[in-house]
Amino acid sequence: MPDAQHLQALLLQCAEKRESALAEIYRLASPHLFALARRMLRDQAAAEDVLQECFVSIWRQAGQYQAEQSQPMTWMTRIVRNRCIDRLRRPDLLVPDPDDTLTLAMADNSPGPLARLEDSQEGRRLADCMGQLEGPQRVAIAMAFFDDLAHPDIAARLETPLGTIKSWIRRGLQRLKRCLE
């Protein structure tokens, strides 16, 4: 994972329209961001298109990045994730895969985000803080962030009202923030 401080400095340079900074961000972050797009979209060409669109957005929005609100990779990952969700919501892009052939062909044996997180020092701190949450909060947060599920999907899977899920996640994130500070 690229160094957060280095990425912050590069984003500042992008805000000043230094193209070399964008090239360096691309070199450092594109493998992670492309893997996310490919996992979400299950299509190499669509993932490449989304990644290109996202780097244009990163270039244009670099001046809006605020280090006190999120880490650079989190900010860029959110851009990619949101663009992928937008792409998946377009009805003309449904890819038939009745027997999971496409899904199995795209299977990635590399460690997922949870495994990579657990291997890092920050990940161990987060795991300790997650362990302090009540079971339902921990499960809802894990489903939202590690399984990339939306609140309504979590509510359906846990057979719990949507408002309850939103409250669990909001309060759980507040507790995590306090624990990590």
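An unreviewed UniProt entry annotates the chain as ECF RNA polymerase sigma factor SigK of Achromobacter kerstersii.

Engineer: Break down the overall build of the chain for me, with residues and values.
Structural biologist: Summing up its helical and strand segments, the chain has 10 helices and 0 strands in all. Reading the secondary structure of the chain in the N-to-C direction produces α-α-α-α-α-α-α-α-α-α. Relative to its full complement of 181 residues, the chain shows a buried share of 31%. A sequence separation of at least 24 residues applies to 61% of the contacts in the chain between residues at least 6 apart. Working note: accessible area of the chain is about 11500 Å², and carbon and sulfur atoms make up 51% of it.

Engineer: How would you explain the state of the cysteines if you had to name every residue and give the values?
Structural biologist: For the structure on display, the rule yields 1 disulfide. The disulfide partner of C129 is C179, and the gap between their sulfur atoms is 2.0 Å. The sign of the S-S torsion, about -80 degrees, decides the handedness of the disulfide formed by C129 and C179: left-handed. Of the two residues, C129 is situated in helix 7 (residues 121–131) and C179 in helix 10 (residues 162–180); the sequence distance between them amounts to 50 residues. Given the relative accessible area of 6%, C129 is considered buried. Cysteine C54 remains unbridged, with the sulfur of C84 as its closest cysteine sulfur at 6.4 Å.

Engineer: Would you mind going over the nonpolar core in detail, with residue names and values included?
Structural biologist: Of all hydrophobic cores here, the largest spans 31 residues; its most connected members are I25, L33, I58 and M76. Where this core is concerned, the elements lending two or more residues are helix 1 (4–15), helix 2 (19–41), helix 3 (44–61) and helix 4 (72–89). Broken down by element, this core gets its largest block of residues, 10 residues, from helix 2. A140, I141, I154 and I169 belong to the second largest nonpolar core, which has 14 residues in total.

Engineer: Could you give an account of unusual backbone geometry, naming the residues involved and the relevant values?
Structural biologist: With a phi angle near 65 degrees, K17 is a residue other than glycine that sits in the positive phi range. Structurally, K17 can be placed in the loop between helix 1 and helix 2. Since its relative accessible area comes to 45%, K17 is described here as partly exposed.

Engineer: Any details on the packing of aromatic side chains? Residues and values, ideally.
Structural biologist: This model, assessed by the stated rule, comprises 2 aromatic pairs. Here the guanidinium or amino end of K17 rests over the ring plane of W59, the centre of that ring lying 5.0 Å away.

Engineer: Go over helix 1 with me, naming the residues and quoting the values.
Structural biologist: If you check helix 1, its first and last C-alpha atoms are 16 Å apart, about what 12 residues at 1.5 Å a residue would give, namely 16 Å. Within helix 1, burial applies to L7, L10, L11 and C14. Around the axis of helix 1, the buried residues are gathered within 105 degrees of arc, so they sit on the same side. Exposed residues on helix 1 whose side chains face more than 90 degrees from its buried face are Q5 and L12. Those residues of helix 1 that are buried are in contact with helix 2, helix 3 and helix 4. K17 lies just past helix 1 and shows a positive phi near 65 degrees.

Engineer: Which residues make up the packing of helix 8 (residues 135–145) against helix 10, and what are the values?
Structural biologist: As a packed pair, helix 8 and helix 10 sit with axes 9 Å apart at the nearest point and diverge in direction by 95 degrees. Judged by the inter-axis angle, helix 8 sits roughly perpendicular to helix 10. For the pair helix 8 and helix 10, contact is made by P136, Q137, A140, I141, A144 and F145 and by W168, I169, R171, G172, L173, R175 and L176, respectively. Here the contact of helix 8 with helix 10 is built from residues that sort into 9 nonpolar, 2 polar and 2 charged.

Analysis parameters
- Residues numbered from 1 in each chain as written.
- Predicted model: local features only at pLDDT ≥ 70, side-chain atom pairs only at ≥ 80, totals over all residues.
- Heavy atoms only, no water.
- Helix = DSSP H or I, 4+ residues; strand = E, 2+ residues; numbered from the N terminus.
- Buried < 20%, exposed > 50% of the residue type's maximum accessible area, 1.4 Å probe, protein only.
- Contact = heavy atoms within 4.5 Å.
- Areas by Shrake-Rupley, 256 points an atom, 1.4 Å probe, with all protein chains shown as cover.
- Disulfide = S-S within 2.5 Å.
- Core = buried A, V, L, I, M, F, W, Y, C linked by side-chain atoms within 4.5 Å.
- Phe/Tyr/Trp six-rings, centres within 6.5 Å; stacked < 30°, edge-to-face > 60°.
- Lys NZ or Arg CZ within 6 Å of the ring centre and 35° of its normal.
- Expected span 1.5 Å × (residues − 1).
- Arc of directions from axis to C-beta.
- Axes fitted to C-alpha atoms, helices over the stretch in contact; angles between N-to-C directions.
- Parallel < 35°, antiparallel > 145°, perpendicular 65-115°, else oblique.
- Nonpolar A, V, L, I, M, F, W, Y, C, P; charged D, E, K, R; others polar.

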